[in-house]
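# Remarks on the overall topology
Listed below, chain by chain, are the residues.
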Amino acid sequence: MTGQKGRAFDVARVREDFPLLARTVHGKPLVYFDSANTAQKPRAVIEAVDRYYREFNANVARAVHQLGEEATAAYESARDKLARFLGAPSREEIVLTSGTTQAINLVAYSWALPRLRAGDEILVTTMEHHANIVPWQLVCERTGARLKVAPISERGELIVDRFVDALTPSVKLAAVAHVSNVLGTINPVAELARAARKRGIPLLVDGSQAAPHVAVDLRTLGCDFYAMTGHKLFGPTGTGALWARREILREMPPFFGGGEMIREVRFDGTTFADPPHRFEAGTPNIAGFVGLGAAIDYLDGLGHAAIGAHEQALLDHLTEALRAMPGVRLFGEAAHKVPVVSFLVDGAHAHDLATLLDHEGIAVRSGHHCAHPLMQFFGVPATLRASLAFYNTHEEIERFAAALARVRTLLA
Ligand code: PMP
């Protein structure tokens, strides 16, 4: 991400770009601490979607008329922007999907299913989201392959040596979150990719929670697949991407069949388009990708360096505030983290606290966060999670901490 390097981050000004942040909830100003679930959208995104429907709504890659050309250009420019944003060597390596879930399922069904055999293994980690577990289990069921799990420490960090040791010849694919949606941990993906590559094992990285916070550079990460989702990146829901090396995509058969993904269809056989269009059957979420393009432009304007410094300060503040509270248990205290903090309060159920906080205008998530195995590791059914973005403020953290201190007494 490029942008206004060196300039101080003006959060008050940035918040003006997000209309929803100005609303009240239960009569209180909203504190939105659920951005890991889905992020709020800047006006630039909302207006881009609005403009698409008002001014150039048409289907892509089908019409020769002016509207069709404008819609296609806008949709395809999202691919260009994503390629640049992720540091992909080529735009042809970006498959537009409905999100991370579809991206990972595409790899599961198109890449893994035809390759895996009984006795093969897929390596994941304890901290994966269900989207990076269940598709592999479905492949395992059909092929007789097995899931293998690399452990994490009590601090919520991947134990890298154990991960590397687990990369045995039976492992045909490793799949790892770049950033944990529960713990905020940033995994050392480049190091993992080097180890996997040395052994000829492809590495898939689930980048859902990384792209909104850390600069992603696929040229230096060294993984083989990278999945991301647009709605956590301040873009519309139903958008996302799979990046994979060109030579890998070329070997992958289509997953969905239909319009847009063919070269020629005959009743005695069909030939398919080249990647990435081979994997994009049917009418896509055009408006969504127009919006995602606008989100990337917006992020470029802010600059990763400024965002990163502000987010680190927010994370430090939030962590300290929670540490200072008696009876609060934090989950995930990795050395390298994004501003996502999971915790529990002695004697209070996570859902009850989240409900009481909601009445204070504070949106946090409670539950298993689509990470049952991680909950099992920590021996808890659920946690509360405060997940922040660059539009959050220190004052909101103060309000959150004060509200938490107040509402917990109601449950004692
Ligand atoms: N992986 C991680 C780490 C996530 O946090 C999420 C969303 N919570 C997903 C995958 C799934 O993303 P989506 O629902 O947008 O496909």
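Residues numbered from 1 in each chain as written. Predicted model: local features only at pLDDT ≥ 70, side-chain atom pairs only at ≥ 80, totals over all residues. Heavy atoms only, no water.

## Concerning helix α11 (residues 304-323)
For α11, built from 20 residues, the straight-helix expectation of 28 Å at 1.5 Å per residue is met to within 8% by its first-to-last C-alpha distance of 28 Å. Along α11, the residues that are buried comprise His304, Ala306, Ile307, His310, Glu311, Leu314, Leu315, Leu318, Thr319, Ala321 and Leu322. Lining the buried residues of α11 we find α1 (11-16), α10 (286-302), β13 (328-331), β14 (340-345), β17 (383-387) and α14 (394-411). (Helix = DSSP H or I, 4+ residues; strand = E, 2+ residues; numbered from the N terminus. Expected span 1.5 Å × (residues − 1). Buried < 20%, exposed > 50% of the residue type's maximum accessible area, 1.4 Å probe, protein only. Contact = heavy atoms within 4.5 Å.)

## Remarks on the environment of Ile286
With respect to the helices and strands, Ile286 occurs in helix α10. On the accessibility criterion, Ile286 (6% relative accessible area) is buried. C-alpha separation for the pair Ile286 and Thr239, spaced 47 residues apart in sequence, amounts to 9.1 Å.

## Re the UniProt feature "domain: Aminotransferase class V" (unreviewed entry) in the protein
Under the local residue numbering, the UniProt record ascribes the feature "domain: Aminotransferase class V" (unreviewed entry) to residues 31-400. Measuring from the first to the last C-alpha atom of residues 31-400 gives 8 Å, for a span that is 40% helix and 18% strand. (UniProt positions renumbered as here; feature names shortened; annotations may be inferred.)

## Focus: the side chain of His369
When you line up the elements, His369 lands in the loop between β16 (365-367) and α13 (372-378). Of note is the side chain of His369, whose polar atom sits 3.2 Å from the backbone oxygen of Gly367. Within polar-contact distance, the side chain of His369 engages the side chain of Thr383 at 2.8 Å. With residues up to four places along the chain from it excluded, the contact list for His369 reads His129, Asn181, Val182, Ser342, Met375, Thr383, Leu384 and Arg385. (Polar contact = N/O pair within 3.5 Å; in protein donor to acceptor, adjacent residues only side chain to side chain.)

## Describing the pattern of salt bridges
Inspection of the entire model under this criterion finds 26 salt bridges. Close ionic contact of Asp80 with Arg91 constitutes a salt bridge, the shortest N to O distance being 2.3 Å. On the criterion of sequence distance, the pair formed by Asp80 in helix α3 (residues 66-86) and Arg91 in the loop between α3 and β4 (94-97) is long-range, its members being 11 residues apart. Among the residues examined, Asp80 registers a relative accessible area of 35% and is labelled partly exposed. (Salt bridge = Lys/Arg side-chain N within 4 Å of Asp/Glu carboxyl O.)

## Considerations on the sheet that holds β16
Strands sit in the order β13-β14-β17-β16 across an open sheet of 4 strands; the sheet is antiparallel. Only two strands of the sheet have a single neighbouring strand rather than two, namely β13 and β16. Across the sheet, the axes of successive neighbouring strands diverge by a mean angle of 30°, strand direction being ignored. Packing against the sheet, α11 makes contact with β13, β14 and β17, and its axis sits at approximately 10° to β14. (Pairing = 2+ DSSP bridges. Axes fitted to C-alpha atoms, helices over the stretch in contact; angles between N-to-C directions.)

## Digging into the packing of helix α4 (residues 100-115) against helix α5 (residues 134-143)
Contact geometry for α4 and α5: axes closest at 9 Å, N-to-C directions at 25°. By the angle between their axes, α4 is roughly parallel relative to α5. Here α4 and α5 pass one another in a crossing that is right-handed. Residues Ile104, Asn105, Val107, Ala108, Tyr109, Ala112 and Leu113 of α4 touch α5, and the partners they reach there are Pro135, Trp136, Leu138, Val139, Arg142 and Thr143. Class assignment of the residues belonging to the contact of α4 with α5 gives a composition of 10 nonpolar, 2 polar and 1 charged. (Parallel < 35°, antiparallel > 145°, perpendicular 65-115°, else oblique. Left-handed = near helix turned anticlockwise from the far one by under 90°. Nonpolar A, V, L, I, M, F, W, Y, C, P; charged D, E, K, R; others polar.)

## Some points on the site of the ligand
Surveying the vicinity of the ligand reveals the residues Gly99, Thr100, Thr101, His129, Ala131, Asn181, Asp206, Ser208, Gln209, Thr229, His231 and Lys232. One nitrogen or oxygen atom from the main chain of Thr100 is found 3.3 Å from an oxygen atom belonging to the ligand. The side chain of His129 places a nitrogen or oxygen atom 3.2 Å from a nitrogen atom of the ligand. For the ligand, whose accessible area on its own is 400 Å², the fraction buried by protein is 87%. Tallied by class, residues from the shell around the ligand come to 1 nonpolar, 9 polar and 2 charged. (Near = heavy atom within 4 Å. Areas by Shrake-Rupley, 256 points an atom, 1.4 Å probe, with all protein chains shown as cover.)

## A short note on the pairing of strand β11 (residues 262-266)
Across 4 bridges, β11 lies against strand β12 (residues 269-272) in antiparallel orientation. Bridge pairing in β12 links Arg266 to Gly269. If you look at the hairpin formed by β11 and β12, you'll find 2 residues sitting between the two strands.

## A few points about the environment of His394
Checked against the element boundaries, His394 lands in helix α14. With a relative accessible area of 32%, His394 lands in the partly exposed category. Between the C-alpha atoms of His394 and Glu93, which are 301 residues apart in sequence, the distance is 40 Å. In contact with His394, not counting residues within four places along its chain, are Ala313, Leu314 and His317.

## Describing α14
The first and last C-alpha atoms of α14 sit 26 Å apart over 18 residues, in line with the 26 Å expected at 1.5 Å per residue. Among all positions of α14, only Glu396, Ile397, Phe400, Ala401, Ala403, Leu404, Val407 and Arg408 are buried.

## Looking at the pairing of β17
With respect to burial, β17 is a largely interior element, 5 of its 5 residues being buried. Along β17, one buried face is formed by Thr383, Arg385 and Ser387 and the opposite face, lined by Leu384 and Ala386, is buried too. Pairing between β14 and β17: 4 bridges, direction antiparallel. The residue bridging Val341 from the neighbouring strand is Ala386, located in β17. Note: β16 against β17, 3 bridges, orientation antiparallel. Bridge pairing in β17 places Ser366 opposite Leu384.

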